[in-house]
Amino acid sequence: MLVTGLVLAGLAAGIHVYIFALESLWWTGPRGRAAFGTTPQQAEATRELAFNQGFYNLFLAVLVAAGIALFALGHSLVGATLVLAGTGSMVAAGLVLALSSPAKRRAALVQAGPPLLAILLLGTALAGGATMAG
């Protein structure tokens, strides 16, 4: 359960790196506009906001990745704390998206589903005393 939770947390981090790329790198291009349903004019007008928002997603991914690495290196408490803080923030952001933009509930599920499953599995495993060694 522990390893599966960490793998799901890693998947969630990967999704957030992709969201970073969409928002911060590709926002005004065809891929970014298609993902968010914006016109070229809308994309240009919101470019700075999207650039900033993309970095929030990247920072969450880095937080989770650092936690996974520390956990794997035997620093279970710090690693678990970082993974749970990062994935918890991802879930919260997904909930905000779902509640503020009902048409984007599918995107919110993609954003929040894997980290929520990671939290549930990691929480269950850690409550049972699981470590990477056993």
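Residues numbered from 1 in each chain as written. Predicted model: local features only at pLDDT ≥ 70, side-chain atom pairs only at ≥ 80, totals over all residues. Heavy atoms only, no water.

Draft legend 1. Structural detail: a nonpolar patch on the surface. On the surface, Tyr18, Leu25 and Trp26 cluster together into a nonpolar patch covering about 310 Å² of accessible area. Among the secondary structure elements, leucine 25 is positioned in helix H1 (residues 2-25). Residue leucine 25 is classed as exposed on the basis of its relative accessible area of 55%. (Patch = residues over 30% accessible without salt bridge, like charges linked within 9 Å, V, L, I, M, F, W, Y side chains within 5 Å. Areas by Shrake-Rupley, 256 points an atom, 1.4 Å probe, with all protein chains shown as cover. Salt bridge = Lys/Arg side-chain N within 4 Å of Asp/Glu carboxyl O. Helix = DSSP H or I, 4+ residues; strand = E, 2+ residues; numbered from the N terminus. Buried < 20%, exposed > 50% of the residue type's maximum accessible area, 1.4 Å probe, protein only.)

Draft legend 2. Focus on the layout of surface pockets. What the largest pocket holds in volume is close to 710 Å³. Taken together, 22 residues line the largest pocket, and the ones lying closest to its centre are Glu23, Phe36, Leu97, Ala107 and Gln111. In terms of residues, the lining of the largest pocket owes the most to one element, H1, which gives 5 residues. Class assignment for the residues of the lining of the largest pocket results in 14 nonpolar, 5 polar and 3 charged. (1 Å grid on protein atoms, 1.4 Å probe; cavity = no way out; pocket = protein on both sides within 12 Å on 5 of 7 lines; lining within 4 Å. Points joined across faces, edges and corners; volume = space filled by probe spheres on them. Nonpolar A, V, L, I, M, F, W, Y, C, P; charged D, E, K, R; others polar.)

Draft legend 3. Representation of the pattern of salt bridges within the structure. Considering all chains together, one arrives at 1 salt bridge under this definition. Among the salt bridges present, the one from arginine 47 reaches glutamate 44, with a minimum N-O distance of 3.6 Å. Residue classification places arginine 47 among the partly exposed positions, given a relative accessible area of 43%.

Draft legend 4. Summary view of the nonpolar core. If you look at the biggest cluster of nonpolar residues, it comprises 16 residues, and the most contacted ones within it are Leu2 and Leu6. Take this core: its biggest share by element is 6 residues, from H1. (Core = buried A, V, L, I, M, F, W, Y, C linked by side-chain atoms within 4.5 Å.)

Draft legend 5. Molecular detail of the side chain of histidine 16. Within the element layout of this structure, histidine 16 appears in helix H1. Exposure remark for histidine 16: the relative accessible area of 0% places this residue in the buried category. Discounting chain neighbours no more than four positions away, the residues touching histidine 16 are Asn57, Leu58, Leu60, Ala61, Met90 and Gln111. (Contact = heavy atoms within 4.5 Å.)

Draft legend 6. Examining the environment of valine 96 more closely. On the secondary structure map, valine 96 appears in helix H5 (residues 76-100). Its relative accessible area of 54% is what places valine 96 among the exposed residues. Considered as a pair, valine 96 and alanine 108 are 12 residues apart in the sequence and their alpha carbons are 8.3 Å apart.

Draft legend 7. Region of the structure containing the packing of helix H4 (residues 47-72) against H5. Following both chains from N to C, one finds H4 and H5 inclined at 155°, their axes separated by 7 Å at the closest point. In this view, H4 runs roughly antiparallel relative to H5, as classed from their interaxial angle. Viewed along their axes, H4 and H5 form a crossing whose handedness is left-handed. Residues Leu60, Ala61, Leu63, Val64, Ala66, Gly67, Ile68, Leu70 and Phe71 of H4 pack against Ser76, Val78, Gly79, Ala80, Leu82, Val83, Ala85, Gly86, Thr87, Ser89 and Met90 of H5. (Axes fitted to C-alpha atoms, helices over the stretch in contact; angles between N-to-C directions. Parallel < 35°, antiparallel > 145°, perpendicular 65-115°, else oblique. Left-handed = near helix turned anticlockwise from the far one by under 90°.)

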